[in-house]
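Per-entry structural report
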Amino acid sequence: MEHTVAIPPIKIQGIKTKMVPLIKQSVVMDEDSVWIEPFMGSGVVGFNVEPHRAIFADTNPHIIELYNRIKKGIITPFIVRGFLEHEGKLLEQGNDDYYYTVRTRFNQKHDPLDFLFLNRACFNGMIRFNKNYEFNVPYGHKPKRFAKAYITKIVNQVAHVSGLLQQYDWKFICQPFEDSIAMAGKGDFIYCDPPYLSLIHISE
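Here is a short report on the structure shown in this document. (Residues numbered from 1 in each chain as written. Predicted model: local features only at pLDDT ≥ 70, side-chain atom pairs only at ≥ 80, totals over all residues. Heavy atoms only, no water.)

The next point concerns the environment of aspartate 179. As for its placement among the helices and strands, aspartate 179 is situated in helix 8 (residues 177-182). Considered as a pair, aspartate 179 and alanine 57 are 122 residues apart in the sequence and their alpha carbons are 9.3 Å apart. (Helix = DSSP H or I, 4+ residues; strand = E, 2+ residues; numbered from the N terminus.)

Have a look at this one:
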């Protein structure tokens, strides 16, 4: 049986897209349970489980800020399309130089749209920071990186997440995993991305 897995707008290495159907089989929740994801990363697992209530947490503030702005309607699919079309044209004209201009701008201002742009233009979709917590992944060197079809794909991913956030009670929090786990109550479900922990159901 084929399973359709919705891909989130943020890419990360080790994304669990292919494992989502298997993981979903291990989820035991009811409508009152809270899905707690201490290492959300891309969020692909929780976004596909679609719990009614959820806490998505990560120590990367840029992932959390992007999703909080989508939740608040500050970042919309329309805004994402306009931004990526504009920046994509500048990237095509400036190539390496423009990518590094945006990377410097992001490290100074931390705009979530710049983070999305870098994530989709950098080498292999990596998310990596140096000791000064500056994004330092090099340019990906893919021709016509932001072609019309690719931008539409990203816009549709943002639109899907936006729709979920209007439907469900989801919170995005930047905090250590210990704090997220401590928020769990009876009947809540913790999904910890391996190798830290596996699937835990709080029953006591």
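Right, let's talk about the packing of aromatic side chains for a bit. Here the structure, examined in full by the defined rule, presents 19 aromatic pairs. Considering the side-chain rings of phenylalanine 56 and tryptophan 170, the 5.1 Å spacing of their centres and the 65 degrees angle between planes classify their relative orientation as edge-to-face. Taken as a pair, phenylalanine 56 in strand 2 (residues 53-58) and tryptophan 170 in strand 3 (residues 169-174) lie far apart in primary sequence, 114 residues in all. Neither residue differs from the other here; phenylalanine 56 and tryptophan 170 are each classed as buried. For the ring pair phenylalanine 129 and tyrosine 133, a centre distance of 4.4 Å and an interplane angle of 5 degrees mean the geometry is stacked. Since its relative accessible area comes to 38%, tyrosine 133 is described here as partly exposed. Members of the aromatic cluster, connected to one another through ring pairs, are Phe47, Phe56, Tyr67, Tyr168, Trp170 and Phe172. Of note, arginine 145 hangs over the ring of tyrosine 150, and the distance from its end group to the ring centre comes to 4.2 Å. (Phe/Tyr/Trp six-rings, centres within 6.5 Å; stacked < 30°, edge-to-face > 60°. Buried < 20%, exposed > 50% of the residue type's maximum accessible area, 1.4 Å probe, protein only. Lys NZ or Arg CZ within 6 Å of the ring centre and 35° of its normal.)

With that settled, the discussion passes to the packing of helix 4 (residues 77-94) against helix 7 (residues 148-167). Interhelical geometry of helix 4 versus helix 7 gives an angle of 155 degrees and a closest axis separation of 9 Å. Regarding the angle of helix 4 to helix 7, the classification is roughly antiparallel. Of the two elements, helix 4 crosses helix 7, and the hand of that crossing is right-handed. Residue-level contacts link Pro77, Val80, Arg81, Leu84 and Glu85 of helix 4 to Ile151, Thr152, Ile154, Val155, Val158 and Ala159 of helix 7. For the contact of helix 4 with helix 7, the class distribution of residues is eight nonpolar, one polar and two charged. (Axes fitted to C-alpha atoms, helices over the stretch in contact; angles between N-to-C directions. Parallel < 35°, antiparallel > 145°, perpendicular 65-115°, else oblique. Left-handed = near helix turned anticlockwise from the far one by under 90°. Contact = heavy atoms within 4.5 Å. Nonpolar A, V, L, I, M, F, W, Y, C, P; charged D, E, K, R; others polar.)

Moving on, we come to the side chain of glutamate 87. By the secondary structure assignment, glutamate 87 is in helix 4. Given a relative accessible area of 4%, glutamate 87 falls into the buried group. For glutamate 87, the side chain forms a polar contact with the side chain of arginine 105, separated by 3.2 Å. Those residues in contact with glutamate 87 that sit more than four places away from it in its chain are Tyr98, Val102, Arg105 and Phe117. (Polar contact = N/O pair within 3.5 Å; in protein donor to acceptor, adjacent residues only side chain to side chain.)

Right, let's talk about helix 4 for a bit. The first and last C-alpha atoms of helix 4 sit 25 Å apart over 18 residues, in line with the 26 Å expected at 1.5 Å per residue. In this structure, the buried residues of helix 4 make contact with helix 5 (96-109), helix 6 (112-121) and helix 7. A positive backbone phi angle near 55 degrees is found at asparagine 95, which sits one or two residues after helix 4. (Expected span 1.5 Å × (residues − 1).)

Among the secondary structure elements, asparagine 156 is positioned in helix 7. Along the backbone, asparagine 156 and methionine 29 are 127 residues apart, and their C-alpha atoms lie at a distance of 28 Å.

Extensive coverage of strand 2 is indicated by the burial of five of its six residues. Examined bridge by bridge, strand 1 (residues 34-37) and strand 2 share four bridges and lie parallel to one another. Looking at strand 2, one finds that isoleucine 36 is bridged to isoleucine 55. Each parallel crossover has a hand, and for strand 1 linked through helix 2 (residues 44-49) to strand 2 it is right-handed. (Pairing = 2+ DSSP bridges. Right-handed = clockwise from strand over helix to strand, strands pointing away.)

To continue, consider unusual backbone geometry. The backbone of histidine 110 sits at a positive phi, close to 60 degrees, despite the residue not being glycine. Mapped onto the secondary structure, histidine 110 falls in the loop between helix 5 and helix 6. In the Ramachandran plot, lysine 144 falls in the positive-phi region, its phi being about 45 degrees despite a non-glycine side chain.

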